[in-house]
Amino acid sequence: MGFARTCSVALVGVEGVVVEVQADLEPGVAAFTLVGLPDKSLSESRDRVRAAVVNSGGEWPQKKLTVGLSPASVPKAGSGFDLAVACAVLGAAERIDPRVLADIVMIGELGLDGRVRPVRGILPAVLAAADAGYEQVVVPECAAAEASLVPGVSVLGVRSLRQLIAVLADEPVPDEEPKEQGRPDPLLAGLRMPGTGAAGMHSMGANEPDHGHDLADVVGQISARTAVEVAAAGGHHLFLEGPPGAGKTMLAERLPAILPRLSRQESLEVTAVHSVAGLLPPGRPLIDVAPYCAPHHSATMQALVGGGAGTARPGAVSLSHRGVLFLDEAPEFNSHALDALRQPLEAGHVVIARSAGVVRFPAKFLMVLAANPCPCGRFSQTGDLCECPPSAIRRYQARLSGPLLDRVDLRVEVDRVTRAQLTERGARGESTATVAERVRAARERASDRLAGTPWRTNSEIPGRELRSRWYAAVGAMDEAERNLERGVLTARGLDRVLRVAWTVADLVGHDRPDATDVALALQLRTGVPRGVPMAIGALT
C-alpha cells in the first residue's frame, strides 16, 4: 500500500483554506475515486491528471486509487487542485519521495499534455498558505510574479509537470520548448478571464497612472471641481447632478488620477480581488493605483454587489475596492440594486449568502453618482427648456432613495457650460498634478492626526468618535446644528458635514475646522449657497 500527501488551497471569496490532498494506493481493480466535496470541474481532474501524468513520461498506477481532499466539509471548486493531485498520486506510486511533498503547497491546472496552466486567485491562495505557516509554494510559471508578491514564501514557477517531477525527484530539469516569438502564449489565457463575474465593467488606470485625463480639460465647473478634490482628499461619496454634456463623466474619469497611490497592504487587497475575478493583465501582477469601475445602468444586483450562480463572484463594489465606483445615469439603475449598496457603503465590505456558504468580499470604495435633473435632462431653476411635467420630474428624482442619498457626503449641481467659457482662451483650471499634490498633503495631515487608530481618512471615522475626540472650532458648527433642528440635516448628515469640514481644513491647512470650513461643507452637502469661495485655492 502506498500513501502520500501534499497541499493546495480552496478559495472562499478572497479568503483561502489550506486543503490537504491525500492519495492512497491499494491492491484491487484499477479505479480512481475523488472524495471531499469536489465540484464538477474538480471531478473532471481525474481524466486531466491521468492524461498529464502519462504524457509527461510517468507511469499511471494500475491499482485502486483514492484521492481525498481534507477537510472534507469545505466545498472545493475549480481546477487549481490538478497539480497537487498529480504529485500526490506520483508520491503514492513512489515516483516522488512522499516526504518531499508534505510541506509544499501546489496550485495550478494541468493540460492533457502536462503543461501547467494558471488559475484565478493565485495571490489570495498564496496569502492563505503563508498565513497557515507554509514556506514553499509551486505555481504556474506565468503566475510566479503574482505569487512572489507575498513575503516570506519561496515560490517555484513551473511550465510543465515534467519539470516539477524532475525538481522534486532531484533529477536534471528538462527544457521545455520556448514560446514562438510573435505568437500568443496559450498558457496566459487563464490569467485574464473577462466575463467571469465582471461583465459590463472595466478598470481604468488599474496598473499605471492615467495621464490621458487631466482636470485642466474640464471647462468651468468650479463647484464640481472643488467637490471632486474634497472627495479625493477625504474619501467622501459624491453626487453630481446636471444636464447632459455638462462634464459629469469627465470629472468622474479624472478622479482616480488625483487619488494617492495605494499602500503595499492596499495593493495586495485590490490585486487579490482582481485575481479572483480573473481581471489581472499578464505581466502586471500588482495593482498599485486606485481602480475605476463604471458599470452600465442595466447591471443587475449581482453584477453590482457580487454573486451569481454557483460560487459567488466579486461585483463592481469589490472591483472598485480602494478606488472609484462611478454610476452614470444613476436613476436608470434598478432601485433594488442601488439600495443594495447601502450596506457596503457603511460597512466597507459585502457579505453574500448562498446555499453553499457565506462569502465576504472587501468593498471600501468611493462612490460617484451622476444624474440628469429630469428625464429630458434640461430642467433647471433658471431656464425653461424642460418639457417634463412636474410629476415626471418628481418620479425621476425619487428613483434615488433618501437613505442612499443620506450616505452621500457631497451633492453638487453641475451647471451647463456657456459659450463664453468654451471659447475663452488661456483660462484653464488647475491641472491634475497640482490638485493631486494638494490631496496628497491633506491625506498626510489626516493620517498624522489619525495615527494609532484603525482609520486612515476622515470619511471612515465613526460619528461618536468624531464628536468626542476631534472638535471643530468654537461656534463653527452652530449653523449646521440649526440645520439639524430645522430638519434640513439628519443626525447622520450632521456627522458627515463635520467629516467634510475636517477634509476642507486639511486641504486648506487649518488645525481644526473653522466657520468657513463648515460653511463650505454645508454648501457641498445641501447645495444652498453660504457666501464662501468655492475654490480651495481661494481659502488658503
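Relevant structure appears above.
So, here is what we can say about the structure in this document. (Residues numbered from 1 in each chain as written. Predicted model: local features only at pLDDT ≥ 70, side-chain atom pairs only at ≥ 80, totals over all residues. Heavy atoms only, no water.)

Another aspect to go through is the sheet that holds strand β12 (residues 324–327). Strand order in the open sheet formed by five strands is β11-β12-β15-β10-β16, with parallel pairing between adjacent strands. The open sheet has two edge strands with one neighbour each: β11 (292–293) and β16 (410–413). Relative to β12, β11 runs parallel, the two sharing two bridges. When the bridges of β12 are listed, Cys-293 appears paired with Leu-325. (Pairing = 2+ DSSP bridges. Helix = DSSP H or I, 4+ residues; strand = E, 2+ residues; numbered from the N terminus.)

Attention shifts here to helix α15 (residues 390–397). Taken residue by residue, α15 has Ala-392, Ile-393 and Tyr-396 as its buried positions. Along the axis of α15, the buried positions cluster into a sector of 100°, meaning they face one direction only. The exposed residues of α15 that point more than 90 degrees off its buried face are Pro-390, Arg-394 and Arg-395. (Buried < 20%, exposed > 50% of the residue type's maximum accessible area, 1.4 Å probe, protein only. Arc of directions from axis to C-beta.)

Moving on, we come to the environment of Arg-48. Mapped onto the fold, Arg-48 is located in helix α2 (residues 45–55). A C-alpha to C-alpha distance of 6.5 Å links Arg-48 and Gly-111, two positions 63 residues apart in sequence. If we ignore the near neighbours within four places in the chain, the residues touching Arg-48 are Ser-41, Ser-79, Asp-82, Glu-109, Leu-110, Gly-111 and Leu-112. Here the side chain of Arg-48 touches Asp-82 through a polar contact of 2.7 Å, side chain to side chain. (Contact = heavy atoms within 4.5 Å. Polar contact = N/O pair within 3.5 Å; in protein donor to acceptor, adjacent residues only side chain to side chain.)

Attention shifts here to the environment of Glu-15. Position of Glu-15 among the secondary structure elements: in strand β2 (residues 15–26). In sequence terms Glu-15 and Val-273 are 258 residues apart; their C-alpha atoms lie 10.0 Å from each other.

Moving on: the nonpolar core. Among the nonpolar cores identified, the biggest contains 58 residues, and Val-230, Leu-238, Leu-240, Leu-255, Val-368, Val-518 and Leu-524 are the most heavily contacted of them. Per-element accounting of this core gives the leading share, nine residues, to helix α21 (residues 491–508). Sequence-distant contacts of Leu-255, defined by excluding residues within four places in its chain, comprise Val-228, Ala-232, Val-324, Leu-366 and Val-368. In terms of nonpolar packing, the next biggest core, distinct from the first, is built from 38 residues, Val-67, Leu-83, Val-89 and Leu-101 among them. (Core = buried A, V, L, I, M, F, W, Y, C linked by side-chain atoms within 4.5 Å.)

The next subject is the packing of aromatic side chains. Counted by the stated rule, this structure contains three aromatic pairs. Arranged with centres 5.6 Å apart and planes meeting at 40°, the rings of Phe-32 and Trp-60 form a pair that is tilted. Within this pair, whereas Phe-32 is found in strand β3 (residues 31–35), its partner Trp-60 is found in the loop between α2 and β4 (64–70), the two being separated by 28 residues in sequence. Of the residues examined, Trp-60 reaches a relative accessible area of 11% and is grouped as buried. Ring geometry for Trp-455 and Trp-470: centres 6.5 Å apart, planes at 80°, overall edge-to-face. With Trp-455 in the loop between α18 (432–449) and α19 (463–469) and Trp-470 in the loop between α19 and α20 (478–485), this pair connects stretches of sequence that are 15 residues apart. With a relative accessible area of 16%, Trp-455 lands in the buried category. You can call Trp-470 buried: its relative accessible area is 9%. (Phe/Tyr/Trp six-rings, centres within 6.5 Å; stacked < 30°, edge-to-face > 60°.)

What follows concerns α2. Looking at α2, one finds that the buried residues are Ser-45, Arg-48, Val-49, Ala-52 and Val-53. Buried residues along α2 cover an arc of 125° about the axis, so they all sit on one side. In this structure, the buried residues of α2 make contact with β3, α1 (40–43), α3 (82–92), β6 (109–110) and α7 (161–168). One or two steps after α2, the chain reaches Gly-57, where phi turns positive at roughly 90°.

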